[in-house]
Amino acid sequence: DAGITQSPRHKVTETGTPVTLRCHQTENHRYMYWYRQDPGHGLRLIHYSYGVKDTDKGEVSDGYSVSRSKTEDFLLTLESATSSQTSVYFCAISDAGLSNYGYTFGSGTRLTVV
Amino acid sequence: QQQVKQSPQSLIVQKGGISIINCAYENTAFDYFPWYQQFPGKGPALLIAIRPDVSEKKEGRFTISFNKSAKQFSLHIMDSQPGDSATYFCAAIVASGGSYIPTFGRGTSLIVHP
């Protein structure tokens, strides 16, 4: 997806280990978001950021932390991965109303916790 | 509490038929209603969106119908094609003075048979 890159695309990790997912954008958008997608649950917001060092919790934030030290990068950390965190994680960016309020999503990171 | 209810969860349509996906919301502060299309292995992508001051918006074979009094909106895909097979998400946003964070429906998996 143009302007937004997630890494890694796939990861397998062991229970109890820390994991960091990266989202990088080249659009200079103010807002960045982390979602997880699970069958039957749709897209659920984990954390979001409305500026450098400005972050807030979403509906499923327990067990996750985020950091945004630069406009272009938004990191999601699973501090001690659990099997319930096996999911597909999507990053999204938004210019928050400057255009048509549309989100742009990354291609996702498939995380498996064994 | 599910603020945007989407139905059906899955839908099978023959090529050339009409696909209809419905969403209902509770929060009258929502003032922007986008639909997203997601292909397997990809992130969701903005398909079409509507504001509550219009009752219908059409882009090619895709039409959003909006009923403000009933707090419902729907996506109609005319002349459905196998290439339309994807998961569709409706969403609702408080765009005016809000946080611009979408509330998503849980998604509809559409399969169009050739």
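To be clear, the structure that these remarks concern was listed above.
These remarks concern the structure in this document. (Residues numbered from 1 in each chain as written. Chains lettered and ligands numbered in written order. Predicted model: local features only at pLDDT ≥ 70, side-chain atom pairs only at ≥ 80, totals over all residues. Heavy atoms only, no water.)

Focus: the interface of chain B and chain A
In plain terms, the rule: Every residue pair with non-hydrogen atoms within 4.5 Å of one another is taken to be in contact. Note on definitions: buried area is the accessible-area loss of two parts on being combined, 1.4 Å probe, summed for both. One side-chain nitrogen of Lys or Arg within 4 Å of one carboxyl oxygen of Asp or Glu is enough to make a salt bridge. Each polar contact in these results corresponds to two N or O atoms within 3.5 Å; when the atoms are within protein, one needs to be able to donate a hydrogen and the other to accept it, and residues that are neighboring in sequence are counted only if both atoms are side-chain atoms.
Opposite the 18 residues of chain B that make contact, chain A presents 21 residues. Surface buried jointly by chain B and chain A totals about 1700 Å² across both partners, of which 61% is contributed by carbon and sulfur atoms. The tally of links between chain B and chain A comes to 0 salt bridges. Taken together, chain B and chain A are joined by 2 residue pairs in polar contact (both at pLDDT 80 or more).

Digging into the sheet that holds strand β3 (residues 19-25) of chain A
Whether parallel or antiparallel, the strands of a sheet pair through hydrogen bonds between backbone atoms. All names here are of chain A. Spelled out, the test is: Paired strands, as defined in this entry, are two strands with at least two bridges between them according to DSSP. Numbering of helices and strands starts at the N terminus; helices are DSSP runs of H or I of at least 4 residues and strands are runs of E of at least 2. Axes here refer to lines fitted to C-alpha atoms; in helices the fit is confined to the stretch in contact. Angles between the N-to-C directions go from 0 to 180 degrees.
The strand order β1-β3-β8-β7 describes an open sheet built from 4 strands, whose pairing is antiparallel. The open sheet has two free edges, formed respectively by β1 (4-7) and β7 (64-70), since each of these has just one partner strand. Pairs of neighbouring strands in the sheet enclose a mean axial angle of 20 degrees, with direction left out of account. Inspection of the sheet shows β7 paired to strand β8 (residues 73-78) by 5 bridges, in the antiparallel sense. In the strand pairing of β8, Ser67 is matched with Leu75.

Let's talk about the sheet that holds strand β8 (residues 72-77) of chain B
Residues and elements named next belong to chain B. Pairing in this open sheet of 5 strands is antiparallel, and the strands run β1-β3-β8-β7-β6 from one edge to the other. In the strand order of this sheet, the two ends are held by β1 (4-7) and β6 (56-59), each with one partner. Within this sheet the neighbouring strands show an average axis-to-axis angle of 15 degrees, counted without direction. In this structure, β1 lies alongside strand β3 (residues 19-25), joined through 4 bridges in antiparallel fashion. Bridging across to β3, Val4 finds its partner in Tyr25.

Section: the environment of Ser69 of chain A
To keep it simple, the criterion reads: Burial classes follow relative accessibility: with a 1.4 Å probe on protein chains only, a residue under 20% of its type's maximum area counts as buried, one over 50% as exposed, and anything between as partly exposed.
Inspection of the secondary structure puts Ser69 of chain A in strand β7. Residue Ser69 of chain A is classed as exposed on the basis of its relative accessible area, which comes to 53%.

Considerations on the state of the cysteines
Residues and elements named next belong to chain A. Heads up, the condition is: A pair of sulfur atoms, both from cysteines and within 2.5 Å, is called a disulfide here.
Across all of its chains, the model carries 2 disulfides over all chains by this definition. Each disulfide pairs two cysteine sulfurs, and for Cys23 the partner residue is Cys91, the sulfurs being separated by 1.9 Å. The sign of the -75 degrees torsion about the S-S bond sets the Cys23-Cys91 disulfide as left-handed. With Cys23 in strand β3 and Cys91 in strand β9 (residues 87-94), this pair connects stretches of sequence that are 68 residues apart. Across the pair, exposure class does not vary: Cys23 and Cys91 are buried alike.

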